[in-house]
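The lines below spell out each chain.
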Amino acid sequence: MGAAMRRIHVGNALSAFGLGFTVPYLYVYVAQVRGLGATTAGMVLAVFAVAALIVLPFAGRAIVRRGPLPVLLVALVTAALGALSLGLASSAATVLLSAAALGAGQAVMQPALATMIVDCSTAETRSRAFAMQFFLQNLGLGVGGLIGGHLVDTTRVSSFTLLFAIEAAMFLLLAVVMTTVRMPHAPRIGDSPAQPAKGGWKQLLGNRAMVQLMVLGFVLFFACYGQFEAGLSAYGVEAAGISTSALGTALAANTAVIVVAQFAVLRFVERRRRSQVIAAVGLIWAVAWIAAGYAGLGHAGQTMATAAFVSTYALFGLGEAMLSPTVAPLVADLAPTGMAGQYNSAFALVKQLALAVGPAVGGPMGASLHAPYIVTFLLFSLGISVLALRLGRRLTESQDHPWRSRNRVVARGGAAEPVPAEV
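Now for a quick tour of the structure. (Residues numbered from 1 in each chain as written. Predicted model: local features only at pLDDT ≥ 70, side-chain atom pairs only at ≥ 80, totals over all residues. Heavy atoms only, no water.)

### Re empty space enclosed by the protein
The condition is simple: The rule is simple: put a 1 Å grid over the protein atoms alone, call a set of points where a 1.4 Å probe fits but cannot get out a cavity, call an open set with protein on both sides within 12 Å along at least five of seven lines a pocket, and count a residue as lining if it has an atom within 4 Å of a point. Grid points are joined across faces, edges and corners, and a volume is the space filled by probe spheres set on the points. Secondary structure is summarised from DSSP: a helix means a run of H or I of at least four residues, a strand means a run of E of at least two, and numbering begins at the N terminus for each. Throughout, the ten residues Ala, Val, Leu, Ile, Met, Phe, Trp, Tyr, Cys and Pro are labelled nonpolar, Asp, Glu, Lys and Arg are labelled charged, and all others, Gly among them, are labelled polar.
Across all of its chains, the model carries one cavity of 30 Å³ or more by this definition. Volume-wise, the largest cavity comes out at about 90 Å³. Of all elements in the fold, only α13 (266-270), α14 (274-297) and α20 (402-412) reach the threshold of two or more residues within the lining of the largest cavity. Partitioning the lining of the largest cavity into residue classes produces five nonpolar, two polar and five charged.

### Let's talk about the pattern of salt bridges
Under the convention used in this document: Within this document, salt bridges are pairs made up of a side-chain nitrogen of Lys or Arg and a carboxyl oxygen of Asp or Glu, the two lying within 4 Å of each other. Per-residue accessibility, obtained with a 1.4 Å probe over protein chains only, is compared with the maximum for each type, and a residue is labelled buried under 20%, exposed over 50%, and partly exposed between these values.
Tallying each qualifying case throughout the model produces three salt bridges. The partner of D400 in a salt bridge is R273, with the nearest N and O atoms 3.3 Å apart. You can see D400 sitting in helix α19 (residues 397-400) and its partner R273 sitting in the loop between α13 and α14, a full 127 residues away along the chain. Close ionic contact of R274 with D333 constitutes a salt bridge, the shortest N to O distance being 2.8 Å. Within this pair, whereas R274 is found in helix α14, its partner D333 is found in helix α16 (residues 327-334), the two being separated by 59 residues in sequence. Taken as a pair, R274 and D333 share a single burial class, namely buried. Through salt bridges with shared partners, a single ionic network connects R273, E397 and D400.

### A closer look at the packing of helix α1 (residues 3-22) against helix α7 (residues 157-178)
Note the threshold: Axis lines are fitted to C-alpha atoms, over the contacting stretch for helices. Their N-to-C directions set the angle, which ranges from 0 to 180 degrees. Here the word oblique covers every angle except those under 35 degrees (roughly parallel), over 145 (roughly antiparallel) and from 65 to 115 (roughly perpendicular). Contacts are assigned to residue pairs with any non-hydrogen atoms lying within 4.5 Å of each other.
Relative to each other, α1 and α7 sit at 170 degrees, their axes nearing to 8 Å. Considering the angle they form, α1 stands roughly antiparallel to α7. Across the interface between the two elements, R7, I8, G11, L14, S15, F17, G18, L19, F21 and T22 of α1 pack against L163, F164, I166, E167, M170, F171, L173, L174, V177 and M178 of α7. Residue classes in the contact of α1 with α7 are distributed as 14 nonpolar, four polar and two charged.

Laid out in structure tokens, this is it:
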């Protein structure tokens, strides 16, 4: 890991640490501490998603034209200003404007940082680089949320102002760290067909493998991440009688499995076809939904129901640990030279869309339609496996199984084959 990659990972940890301070308490801050009500708090959460959907289509082109570092610095300053003003805002209008700035900045950070990781890694090191990014993000979010929970006091507005000020300081500190990064140029996998750098979205949508990956990505985020904060928690409380403390334990189990298992599964994942790894994640998540169904519909005792519900979140964490070194490097390997920023932004856009639709669909279902909720997302998980195997048919050998391709090159020793005399 070179100096540039180390600084990028430090930046990922800092941004996640800052987000962990405020994300769990945003609803309480707007609705109760500022006294703006549940409607305004819900609008704030919607503004985050809308701001991301607006800026991401333009972020990809900006990254391609200007490079990821300048775009990242603008995003960080915007997010810092949004966080600081959100901590000082007292009216609905200022809260919504601040949330828009913070949401837009956060959304652009993702593809910019991902593109920097691509540019500072090689095909051999990319999976480990993205695994490290995911590990540090979850660790930062967990530590930030833990410290923020001890600092916050719903009776004192100043305690929330402090949290948002710390978040803004983390973004600005990340900007300072990023200005010291010298960006190299990374090679791409060699057997992808060469394409011109121009064309933008039209060129991207003409890449059938990338379109299939975006569809698969939407289902992945819709069926897992989009259910964490709304549908699955509502189902656990209403159907399984899970207490708020047990729900916190389930979320902690999810983070713990990611932190513990991330590098344990990395060697296993690196040696398998990416499409088969994603298909296996679909099966693991199907088992997770079966466990959730047992917790709420199986007429089990409260202890067994709680254990099954916690295991659901743990199984989701195992699948996430398998996806982090798989999906993001695949997006990078599908991108033509110079287009990684466009492809990363497109995939981030699909992710944000799934995270916006997921809670809206899963929340009401999880709260009232318990059996249909479990069956629906069990089928979505199995659909992930089907879509992944279909995607594998469109991938080249080096895109789907880069470890085998690398070892073939090493086995040949890099020697050129003799040229026939006729040629």
